[in-house]
Amino acid sequence: MTFFRFESEFVDSLRCIPMQVRFKLDTCGIKLKLHHWNQFTQDERQTLVEHPCSTAQEVQAYRSHLQQLIEVRSGEQATELAVDPYPEWENTTEIPASVQSKAQETHQAIALNQWAALTPLQRFALLKLSRSGHENRNFLPALQEFDLT
């Protein structure tokens, strides 16, 4: 399990969806709303953190489990999302424009070799934290945590 330091204010209670679960959501193609997450028990949230979601079989199992959990806890159907076969966080040959732009806003620069050296989860986190409409206050702390400043 990987929790980032910039997530430290909520990981003990899991009151917010941690990056590693958000990563799995994008991998399995399910949109999980915070109000759904908040309806889950602590054990259910922990299971979503711990359950693997890497192989095709694990992704399908995670997806099915999450769909059932959303329906049981909320009475709603899970919103399905298209899964990008070539997600930006897997590309180590180009830094996404949103990440470059957000880095410039914080007076930082990320070199391509630094981007390539990050784990897929770290690249995913920077992508999520750099998107417009997202609370971006953790972008600079993430850059610092990933030794990019």
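Residues numbered from 1 in each chain as written. Predicted model: local features only at pLDDT ≥ 70, side-chain atom pairs only at ≥ 80, totals over all residues. Heavy atoms only, no water.

Caption draft 1: Spotlight on the overall build of the protein. A count of helical and extended segments in the protein gives eight helices and two strands. Its helices and strands in sequence order give the protein the pattern α-β-α-α-α-β-α-α-α-α, from N to C terminus. In terms of overall dimensions, the protein is globule-like: its C-alpha atoms have a radius of gyration of 16 Å, near the 15 Å expected for 149 residues. The principal-axis extents of the C-alpha atoms in the protein amount to approximately 45 × 30 × 25 Å. The buried share among the 149 residues of the protein stands at 42%. Sequence-distant contacts, at least 24 apart, represent 61% of the contacts inside the protein between residues at least 6 apart. Of the roughly 8,200 Å² of accessible surface on the protein, 48% is carried by carbon and sulfur atoms. (Helix = DSSP H or I, 4+ residues; strand = E, 2+ residues; numbered from the N terminus. Rg over C-alpha atoms; globule rule 2.2 N^0.38 Å. Buried < 20%, exposed > 50% of the residue type's maximum accessible area, 1.4 Å probe, protein only. Contact = heavy atoms within 4.5 Å. Areas by Shrake-Rupley, 256 points an atom, 1.4 Å probe, with all protein chains shown as cover.)

Caption draft 2: Inspection of the packing of helix 1 (residues 19–28) against helix 7 (residues 120–130) at higher detail. Across the interface, helix 1 lies against helix 7 with an axial gap of 10 Å and an inter-helix angle of 90 degrees. Our classification of the angle between helix 1 and helix 7 gives roughly perpendicular. Contacts from M19, Q20, R22, F23 and D26 of helix 1 reach helix 7 at P120, L121, F124, A125, K128 and L129. Looking at the contact of helix 1 with helix 7, its residues break down into seven nonpolar, one polar and three charged. (Axes fitted to C-alpha atoms, helices over the stretch in contact; angles between N-to-C directions. Parallel < 35°, antiparallel > 145°, perpendicular 65-115°, else oblique. Nonpolar A, V, L, I, M, F, W, Y, C, P; charged D, E, K, R; others polar.)

Caption draft 3: Layout of the pattern of salt bridges. In the structure shown here, the tally under the stated rule is seven salt bridges. Residue K102 is joined to E105 by a salt bridge in which the shortest nitrogen-to-oxygen separation is 3.2 Å. Of this pair, K102 and E105 both sit in helix 5 (residues 97–105), separated by three residues, roughly a single helical turn. Judged by relative accessible area, E105 falls into the exposed class, the value being 53%. Through salt bridges that share partners, E9, R15 and R137 make up one connected network. (Salt bridge = Lys/Arg side-chain N within 4 Å of Asp/Glu carboxyl O.)

Caption draft 4: Fine view of helix 1. Most of helix 1 sits inside the fold, with eight of its 10 residues counted as buried. Along helix 1, the residues classified as buried are M19, Q20, V21, F23, K24, L25, T27 and C28. Downstream of helix 1 by a residue or two, G29 has a phi angle that is positive, lying close to 80 degrees.

Caption draft 5: Local environment of unusual backbone geometry. If you check the backbone angles, L14 has positive phi at about 55 degrees while not being a glycine. Tracing the sequence through the fold places L14 in the segment before helix 1. At H107, a residue that is not glycine, the phi angle is positive and equals roughly 60 degrees. When you line up the elements, H107 lands in the loop between helix 5 and helix 6 (112–117). The exposed category is assigned to H107, whose relative accessible area is 73%.

Caption draft 6: Expanded view of the packing of aromatic side chains. Within the structure shown, the criterion is met by seven aromatic pairs. With a centroid separation of 5.1 Å and 65 degrees between ring planes, the pair formed by F4 and F146 is classed as edge-to-face. Placement of F4 in the segment before helix 1 and of F146 in the segment after helix 8 (139–145) is noted, with a sequence separation of 142 residues between them. With a relative accessible area of 5%, F4 lands in the buried category. A residue is classified by how much of its surface remains accessible, and F146, at 6% relative accessible area, is buried. (Phe/Tyr/Trp six-rings, centres within 6.5 Å; stacked < 30°, edge-to-face > 60°.)

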